[in-house]
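Coordinate analysis (summary)
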Amino acid sequence: MDLKENIEYSERLIIKLLPGIIHELNSPIQFIHDNLEYIEHEIEQDDMDKDEIKDAVKDSLTGNRTMNRIIKGLSLLSSDFYRPFQDFPADEVFESALYVTRNLWKYKFILEYDKEGGGISVWCSPFSLILSLCCVVEILVSECSKEETLSGQQKLYAGINFDNENVFFWIEAESDSAKLWTADYQRSSSYITAGYLINDHSKGRLDILFESERVKGIIKLPLKGLYETSQ
């Protein structure tokens, strides 16, 4: 897959994600609207329930934060493919990828996000990294939900680690049964595009690890100084 094909697939992936993104935005918008209507009605009542109003406000703020995360992800995806590399908060890029792809995994997985990696700055092209993370999510969801007999929701774990040289973005999905290693995913457009964006474009590495009853995707990026010396 050459540069032109990678860009074309990137565009198709974004288009594929759009219906789910619209749904994920519409839900909190409707939720906030309903809460505001309830609050508007309640404050006119002599016996208004302050606790219920507080709960409605709290829920509305939660919905608003969800929308902000999705919009942040969209702003990164709408940036130019050749956007200059820059220091960027790693957790912002990661959360954006998780929320932009939420419609892909929320019916099959329950997310457990380890935020201990917050505050780390990564030297990256935000567009390239968030799209690569979206590709990894797509691979994991596909590899772990092929069986028609999935019993309920599995766990989807995600987090950020780092050492003196690299930042590691990892996403691990439970599978309903032990899976043997398969090379099928390596022929997918998601893997080829993510590999290009990470291996060639970002001087990092993409690994997909198959273990008993789980599949793990890891994106490793070098810190700023190490990235510059690799040029």
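Residues numbered from 1 in each chain as written. Predicted model: local features only at pLDDT ≥ 70, side-chain atom pairs only at ≥ 80, totals over all residues. Heavy atoms only, no water.

Re a nonpolar patch on the surface
On the surface, Ile 15, Leu 18 and Ile 22 cluster together into a nonpolar patch covering about 290 Å² of accessible area. As for its placement among the helices and strands, Ile 15 is situated in helix 1 (residues 3-42). (Patch = residues over 30% accessible without salt bridge, like charges linked within 9 Å, V, L, I, M, F, W, Y side chains within 5 Å. Areas by Shrake-Rupley, 256 points an atom, 1.4 Å probe, with all protein chains shown as cover. Salt bridge = Lys/Arg side-chain N within 4 Å of Asp/Glu carboxyl O. Helix = DSSP H or I, 4+ residues; strand = E, 2+ residues; numbered from the N terminus.)

What about a negative patch on the surface?
Side chains of Asp 46, Asp 47, Asp 49, Asp 51, Glu 52, Asp 55 and Asp 59 sit close together on the surface and give a patch of like negative charge. Among the secondary structure elements, Asp 46 is positioned in the loop between helix 1 and helix 2 (50-77). For Asp 46, a relative accessible area of 84% translates into the label exposed. (Lys, Arg positive; Asp, Glu negative; His and termini not counted. Charge placed at Lys NZ, Arg CZ, Asp CG, Glu CD. Buried < 20%, exposed > 50% of the residue type's maximum accessible area, 1.4 Å probe, protein only.)

Description of the packing of helix 3 (residues 90-100) against helix 5 (residues 126-144)
A pair of packed helices is characterised by two quantities: the angle between their axes and the separation of those axes. Taken N-terminus to C-terminus, the directions of helix 3 and helix 5 make an angle of 45°; their axes are 9 Å apart at the nearest point. The angle between helix 3 and helix 5 falls in the class oblique. Crossing handedness for the pair helix 3 and helix 5: right-handed. Of helix 5, the residues touching helix 3 (which contributes Val 93, Phe 94, Ser 96, Ala 97 and Val 100) are Pro 126, Leu 129, Ile 130, Leu 133 and Cys 134. Broken down by class, the residue content of the contact of helix 3 with helix 5 amounts to nine nonpolar, one polar and no charged. (Axes fitted to C-alpha atoms, helices over the stretch in contact; angles between N-to-C directions. Parallel < 35°, antiparallel > 145°, perpendicular 65-115°, else oblique. Left-handed = near helix turned anticlockwise from the far one by under 90°. Contact = heavy atoms within 4.5 Å. Nonpolar A, V, L, I, M, F, W, Y, C, P; charged D, E, K, R; others polar.)

Some points on the pairing of strand 6 (residues 205-211)
Burial along strand 6 is one-sided: the residues Leu 206, Ile 208 and Phe 210 are buried and none of Arg 205, Asp 207, Leu 209 and Glu 211 is. Here strand 6 runs beside strand 7 (residues 214-222); their pairing, made up of seven bridges, is antiparallel. Residue pairing for strand 7: Ile 208 is matched across the bridge by Gly 217. Linking two consecutive strands that pair antiparallel, namely strand 6 and strand 7, is a turn of two residues; a positive phi of about 65° is found at Glu 213 within it. (Pairing = 2+ DSSP bridges.)

Don't take any of this as a statement about function, it's just geometry.
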